[in-house]
Every structure is written in structure tokens, then in C-alpha cells.
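# An overview of the molecular structure
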Amino acid sequence: MKTIATFSVKYSQSLNPAAELNTSLEQLATAGIHSSDLLDFYQSMLLIRTFDTKAIALQRTGRLGTYPSCLGQEAISTAIGKTMHAEDVFIPGYRDAATLICRGTTMQQILLYWGGDERGMNFTGNNQDLPYNVPIASQCCHSIGIAYAFKLRREPRVAVVVCGDGGTSEGDFYESLNAAGTWQLPVVFVVINNQWAISVPRSKQSGCTTLAQKAIAGGFSGEQVDGNDIIGCHLQLTKAIENARAGNGPHLIEAITYRLSDHTTADDASRYRDADDLQQAWREEPLLRLRNLLLNHQLISESQLEAIQSQCNEEVEACVAEYLAYPPQPNSAIFEYMYQQMPCGLKQQLSELETQR
Amino acid sequence: MPNLTLIEAVNAAMNFEMSADKNVLVLGEDVGVNGGVFRATDNLQRNFGEMRVIDTPLAESLICGMSIGLAVQGFKPIAEIQFMGFIYAAFDQLICHASRMRNRTRGRLSCPMVLRAPYGGGIRAPEHHSESTEAIFAHVPGIRVVIPSSPARAYGLLLAAIRDPDPVVFLEPKRIYRAQSEMVEDNGVALPLDVCFTLRLGCDLTLISWGAMLKETLEAAEYLAAIGIDAEVIDLASIKPIDKVTILESIQKTGRCVIISEAPKSGSVAAEISAIIAEEGLTSLLAPILRVSGYDTVMPLFKLEQQYLPSVDKIVKAAQHVMEF
Ligand SMILES: Cc1ncc(C[n+]2csc(CCOP(=O)(O)OP(=O)(O)O)c2C)c(N)n1
Ligand SMILES: [Mg+2]
């Protein structure tokens, strides 16, 4: 017997939990990440954490519906938003508020969506991005059509699609990897491996050593990156996205992170998750290590950090105030946008709703 | 004017629109060099190239889901599912995304795509190749479901479906793919969607059918005419939304209705039409509404399929029953 193919999956990390950088700031700058970028990353991650905390508080006090927290996943989600170009298309799941905010979606819109208001579904900011996607991994197929469109029109654009560790078990995920490889499409798959699919741990999701290796079956490369290290995420995403843009085909990045929250506000993770595991995960969370890096290198002072936090608080509070003050939507919102032209039968049902109420 | 069969008309409509609009794409299993297993896409790849006429991997959810991605990017994909029996893996994409994209982006994005599939019994096909499950699709808000019953209507309705700004499921009665040819002018003129077509005027009773069953329905109408019963025949064509106006006007005139369909009886499109007439046309009725349909069973293998499918005889008996009521 002879070996006819060999594959490998690489793992990378630039900033470890102890805030040690595997390179110098100067070298990082040559790679395109300047000190100002590091500050910007931190500010964006802090904003989403502040928003997330507030959203949970709103849910607990009856002012928001079920909300899926992104606590612990701020690095990879922010990195995606910072790396993509405006003309690229982002295809989200449901835990991606951080990326959406980077791409111009307002916090008010995100609150409206999770607050059960139809108006929350019209993301402004990036008007070709897809809306939130709840049926797990089904969005992967959309990314194939979008990337095919770019290729057909010879546009230097990239589709970036995310899904969870659980999502990689779905047929749509595999069908999409297979198609991406077949046509060598400009699409980057980001698997946000937060170790949990509701109560099912990563170990019960798949017998694969890595989720990244699933790309190999699709005919292209996959890698792992420390998903709590925004610097490493940004570097690897940049390579993948720019490669895809240059016509070199798809790539998969498995970002290793941890869902520090419950699955959603309707879940209680203490039923199935070890407190020790969670504690360990907190030691590796993404904000603290970047904060320490900034402090260690005197890129920021304690008082500046405090100022950034109060700025985030103010920004979030202003958005929440605006969300809470939204006038109610008319009943007709149910019927709008079903078709470009409302069919007669729907007009009749709408008028029944209006007159019976 | 060429004489075209229904399948040739389907091909001609796609060919016309692909020439007229460079955003129209065709994708599916074996649609390229092979021209589709029924030849619906014959020559399209030769005419428009491999990038626009796409042989996809064998993955139905992908076919539907990627069409959604193409559609939100401004293309007008025509996706072929090889047989309706294999459409169900694509159903998730259809119901969760295609039908809702306009609504769930509040009009920011839309999904102008066509999902074509051959359907129905009567061609002695293997298991899973003969069902009629249009009711499942008709239940989905946000899509249109269209079924042609002649070459000319296949041509005009498919053009309309491709041009429609919303997703359309276009089900093709494969039993009559080559049953009949007729003059179809390949002039790019579409027929209206959302309306039924009255194929025969009559004043004694209304026969409503769609797809391949119109063949037996029209034959039954001829037979009934010979015995002095004047049947009006309506081709439903638009399974969703249903053109209530034409149906109710006909019932107002005739007072009697028989609905003919090869789908299982319960929870069917025939049931929906009956409900519309009962809700809004009760005072016109002179007899109960009858359904001549398939049974609530698994579609049998082909040796018994003629027993399963409504026959001319069954339609005539039902018509006589409502006349004598
Ligand atoms: C097709 C489908 N099946 C089941 C669900 C219910 N569900 C919602 S989230 C979830 C777990 C998803 O886990 P993962 O893909 O790892 O994403 P995460 O929630 O960790 O971000 C499940 C089973 C769903 N939304 N869609
Ligand atoms: Mg997960």
C-alpha cells in the first residue's frame, strides 16, 4: 500500500491567556495590526460585552425576549467584523451581535429583533448581509449561492459564513463544504467552537479530532485558531479572506472558544456543565488578556480603561433608551413583505384583522 | 409557430428568458450536458455555458439554499429538483428561508427564484417518483405554487414564474410531458399568475382540476356533454394563491362543483377549494361539493397506479351524483 494523500491541520495562537504575545508589537505592525488597532479591538469587544450584559438584564426584567449571549466569544466575532471589507457579505447565525455591530447594524435593531419586533429584521449598515439565521447551519447553503454570484460576476468579494460546533454535524454544513470545494468559491467558513451545542458537549458532537478537518473532505484547507485571541483571529482571517478574494478558493477556520453564558436566557447550563470547567474557561476569556497586553505595553492607562468603560455604558444606555421608546408597530406589519404585491386573499385577511380587533 | 410538447415548452421558456436576461441561471442535478433526466434543460448549457447552467453536486438542500444565496445577490435562479419525491430535503430551505427572505428582512432582500420539479403518477415509474404533494407547498406562506396543464400554459406560466419577484414552486405534470403538442409561439409572452383558466364554458356544474388530471377532466366533460350535462372546466393553475373570484363566479352560475385531483384526499388543495366555496359560496350551492381524488395511502407501485388515479369514469359518476342530488 502507498499513501496517496496526506493532510494536516494547524493550530495558531498569537496572544495567550497570560497576555504573552508570540511576536513584538513592531512585527505586529508590519503584519498590519497597529497599536491603534489593538485599542480599537479592545473598545469593540468591551462594547459588545457591555451590550450583552445589558441585553440579559433587559430579558430578566421582561423587556426583551429570549436572548443568546455571546459572552466569551467576543474575540472571534469582533475579528470577523474587523477583517471583512464593507463589500463582502456576512452570513450570520444567531450569536453574532459583535460582528453585526462592526458591520454597521445598530444595537437598537438587534434589541428590536430579540424584543420580538418585526422592524428588528431590517439590518441597516450592510445592506447585503443576511439576517440572523436560526435553523442551524442552513445559512451555509446561502453562502454558497452568494459566493457563486461573486465568482460569476468576477467581483473581488468574499462571503464569510459562521456556524457553531453543533452546526458542523448538519447536512447543510457538509453539502456546503462540498460545493465550496467543487467550485473553489470565495467563501470562508468560520466554525465558532464554543464547546457546547445547548447541553451537548463538543466530545459528543463528532468523533473528529478537529472540526477544521471537515474542510479537507470538502476539498480545501482548514485550521484551528485560538478564538479568544483576537490578534491571532485577525491575522488568520485576513489570510483566509484575502486568499479567497484573490481567487484561491475557500478555507475553514475553527475558532476555539468557550460559551461562558447559558445557551440562551431560556437555558440553565448548571444542569449539565461542571462549575470547574466554567471557571477554567473564565481564565482564558478574550478581554482580560488584551487588556493586560495593553497595560503591560503602556498602550493604555487604568484611567483610560475606565473612560472607555463609561463610554461603552453611555452608548449602550442611549441605544436601550431608544429601543424602549420605539412606538408600537401596526398589526399590518404581519402582512407586509410577504410578497412584493399583496395577493387578494391576504388583503382580505388583513382587513379582517383590522376590523375584528 | 412551432408545435411543442409540454416539456419542450418548459425548455423554450427557460431558453428564451436566459437569452433575454443574463441574470437567469439554471441549476440542478444532471441539468448540464445531459439536459436533465427529462430533457427539460436540453441545450441550455451549450447555449449559455457552464457558469450559467450549473451541474450541482447531488444535494437538494444545497440546490435550494444556494438558489436563495444567488437570488439575494440579484440573480434569478431556476433550480431543478429531479423528481418531486426528492424535494423534501430542500423543503427546509424553502419554508425557512426562500418563503421568508422578503418578510424577514422587511423588504431589504428578496428571493426571486423558481424551484421546478416533475410530479405526479401514471408513467409506471419506481417508488418515490409518482407522488403529488402540492398541498404541502400550498400551505407555505410567502411562496407561489404553479402547475401548468398544457404546453402553452407551461410556456407562459414558467416565464411568469421566472419574472416574478418572489419564489415560485413550479410543478410539472410529467405524465403529460409528451402527451400532446400544440402551437406555442416562442415570443416571450408570459401568462398571468394568481389566476385560473376556464377551459370550457358550461352552466350545469363546475369541474375544477389541475395538472395532468385535466386530461381526464376534459374527457369527462365531453362525455357529460353527450348525455346532456353542460360542464364548465376550470384549470386551477395557481395552486397558491387560489383565484377565488373565478371559482366563486362559476359556482354562482352552476351551483355544483366536483374537484378532481390525483393527490391524497385529506388536507388537500381540493379540500381548500371546498372550504372556500363553503365559506363564500354556500348560498349558490345546489348539491354537496365532491372530491374525486387519490387515496390517503402511499402511492402504490405502478401495477396498481391506474386504480389509484382518478379515472374518467369516476369523474363522470361524481358529476352525475351532484346533478341528481
Ligand atoms: C436545525 C435546527 N435544529 C435544532 C435547533 C435548536 N437549537 C438551537 S441552538 C442549538 C445548538 C446549536 O449549537 P452550536 O451549533 O454549537 O451553536 P451555539 O449555540 O453554540 O452558538 C440547537 C440544537 C435549531 N435552531 N435548528
Ligand atoms: Mg456551540
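Definitions and limits used
- Going along each chain's sequence as written, the residues are numbered from 1 onward.
- Just so you know, chain letters begin at A and ligand numbers begin at 1, following the order they were written in.
- Local features in this predicted model are restricted to residues of pLDDT 70 or higher, and side-chain atom pairs are both shown and tallied only at a pLDDT of 80 or more, whereas totals for entire chains, interfaces and linings draw on every residue.
- Only hydrogens and water are removed before side-chain values are computed, so all heavy atoms of the structure are retained for them.
- Here a strand is any run of E in DSSP of at least two residues, a helix any run of H or I of at least four, and the numbering for each starts at the N terminus.
- C-alpha atoms define the radius of gyration, and 2.2 Å times the number of residues to the power 0.38 defines the globule rule.
- A 1.4 Å probe rolled over the protein chains alone gives each residue an accessible area, and that area as a share of the maximum for its type sets the label: buried under 20%, exposed over 50%, partly exposed in between.
- Distances up to 2.8 Å from the metal define which N, O and S atoms are donors, and 3.2 Å serves for Na, K and Ca; water is absent from the atom set, so sites may look incomplete.
- Strand pairing is assigned whenever DSSP detects at least two bridges linking the two strands.
- For crossovers, right-handed means that the path from the first strand over the helix to the second runs clockwise, given strands pointing away from the viewer.
- What fixes the domain bounds is an automatic or database domain assignment.
- Criterion for a disulfide: a pair of cysteine sulfur atoms at a distance within 2.5 Å.
- By the convention used here, residues are in contact when the closest approach between their heavy atoms is within 4.5 Å.
- What gets called buried area is simply the loss in accessible area from a 1.4 Å probe that two parts show on being joined, summed for both.
- Put simply, a salt bridge is a Lys or Arg side-chain nitrogen that is within 4 Å of an Asp or Glu carboxyl oxygen.
- In the analysis that follows, any N or O atom pair within 3.5 Å is treated as a polar contact, provided that within protein one partner can donate a hydrogen and the other can accept it, and provided that, for residues neighboring in sequence, both atoms belong to side chains.
- Gly counts as polar in this scheme, as do all residues outside two lists: the nonpolar Ala, Val, Leu, Ile, Met, Phe, Trp, Tyr, Cys and Pro, and the charged Asp, Glu, Lys and Arg.
- A single heavy atom is enough: if one lies within 4 Å of a molecule or strand, its residue is considered near that molecule or strand.

Along the backbone of chain B there are 12 helices and 14 strands. Its C-alpha atoms give chain B a radius of gyration of 19 Å, within 12% of the compact-globule value 20 Å for 325 residues. On the principal axes, the C-alpha backbone points of chain B span a range of 60 × 40 × 40 Å. By residue count, 63% of the 325 residues in chain B fall in the buried class.

The next thing to look at is the coordination of the magnesium ion (ligand 2). All names here are of chain A. Every protein donor of the magnesium ion (ligand 2) is accounted for by Asp 165 (OD), Asn 194 (OD1) and Trp 196 (O), and the metal-donor separations fall at 2.0 to 2.1 Å. In the primary sequence, the donor residues of the magnesium ion (ligand 2) line up as D-x28-N-x1-W. Within this pair, whereas Asp 165 is found in the loop between strand E3 (159–164) and helix H7 (171–183), its partner Trp 196 is found in strand E5 (residues 196–197), the two being separated by 31 residues in sequence. What makes Asp 165 buried here is its relative accessible area of 1%.

A few words now on the pairing of strand E7 (residues 168–173) of chain B. Side-chain positions along a regular strand alternate between the two faces of the sheet. Residue and element names in this part refer to chain B. Most of E7 sits out of view: six of its six residues are buried. Both strand E5 (residues 114–119) and E7 contribute to a ladder of six bridges, which runs parallel. Bridge pairing in E7 places Tyr 119 opposite Pro 173. When strand E6 (residues 144–146) meets E7, the two strands line up parallel, connected through three bridges. The residue bridging Val 145 from the neighbouring strand is Val 169, located in E7. Considered for its hand, the β-α-β crossover made up of E6, helix H7 (residues 151–163) and E7 is right-handed.

This part takes up the domain arrangement of chain A. According to the domain assignment, chain A contains domain 1 (10–326) and domain 2 (331–357). Once you take the C-alpha centre of each, domain 1 of chain A and domain 2 of chain A turn out to be 37 Å apart.

In the structure shown here, the tally under the stated rule is zero disulfides over all chains. We note that Cys 208 of chain A lacks a disulfide partner, and the nearest cysteine sulfur, in Cys 163 of chain A, lies 13 Å from it. Free of any disulfide, Cys 344 of chain A has its nearest cysteine sulfur in Cys 196 of chain B, 12 Å distant. A relative accessible area of 62% places Cys 344 of chain A in the exposed class.

Looking now at the interface of chain A and chain B. Opposite the 45 residues of chain A that make contact, chain B presents 42 residues. Interface of chain A and chain B: buried area, both sides summed, is about 3,600 Å²; carbon and sulfur atoms make up 60% of it. The largest contributions to the chain A side of the interface with chain B come from Tyr 148, Tyr 337 and Tyr 339 of chain A, which together make up 19% of the buried area. Run the count over chain A and chain B and you get two salt bridges. Glu 118 of chain A serves as the salt-bridge partner of Arg 106 of chain B, at 3.4 Å between the closest nitrogen and oxygen. Run the count over chain A and chain B and you get 24 residue pairs in polar contact (both at pLDDT 80 or more). Per-element tally for the side of chain A that touches chain B: the top contributor is helix H6 (residues 138–152) of chain A, with 11 residues. Partitioning the side of chain A that touches chain B into residue classes produces 23 nonpolar, 13 polar and nine charged.

All names here are of chain A. Surrounding ligand 1, one finds 15 residues, the nearest of these being Tyr 94, Arg 95, Asp 165, Asn 194 and Trp 196. Within the side chain of Arg 95, a nitrogen or oxygen atom sits 2.7 Å from an oxygen atom of ligand 1. Gly 166 is positioned such that a nitrogen or oxygen atom in its backbone is 2.8 Å from an oxygen atom of ligand 1. Its residues assigned to classes, the shell around ligand 1 shows seven nonpolar, five polar and three charged.

Time to look at the domain arrangement of chain B. How big an interface is tends to be stated in terms of the accessible area lost upon association of its parts. All names here are of chain B. Under the domain assignment used here, chain B contains domain 1 (3–183) and domain 2 (197–323). Tallying the contact residues gives 30 residues for domain 1 and 28 residues for domain 2. Interface area, domain 1 with domain 2, both sides summed: about 2,100 Å², of which 58% is carbon and sulfur. Taken as a group, Arg 124, Arg 153 and Arg 175 account for 25% of the area that domain 1 buries against domain 2, more than any other trio of residues on that side. Taken together, the links from domain 1 to domain 2 amount to two salt bridges. Here domain 1 is connected to domain 2 by 12 residue pairs in polar contact (both at pLDDT 80 or more). A breakdown of the residues in the side of domain 1 that touches domain 2 according to their chemical character gives 16 nonpolar, seven polar and seven charged.

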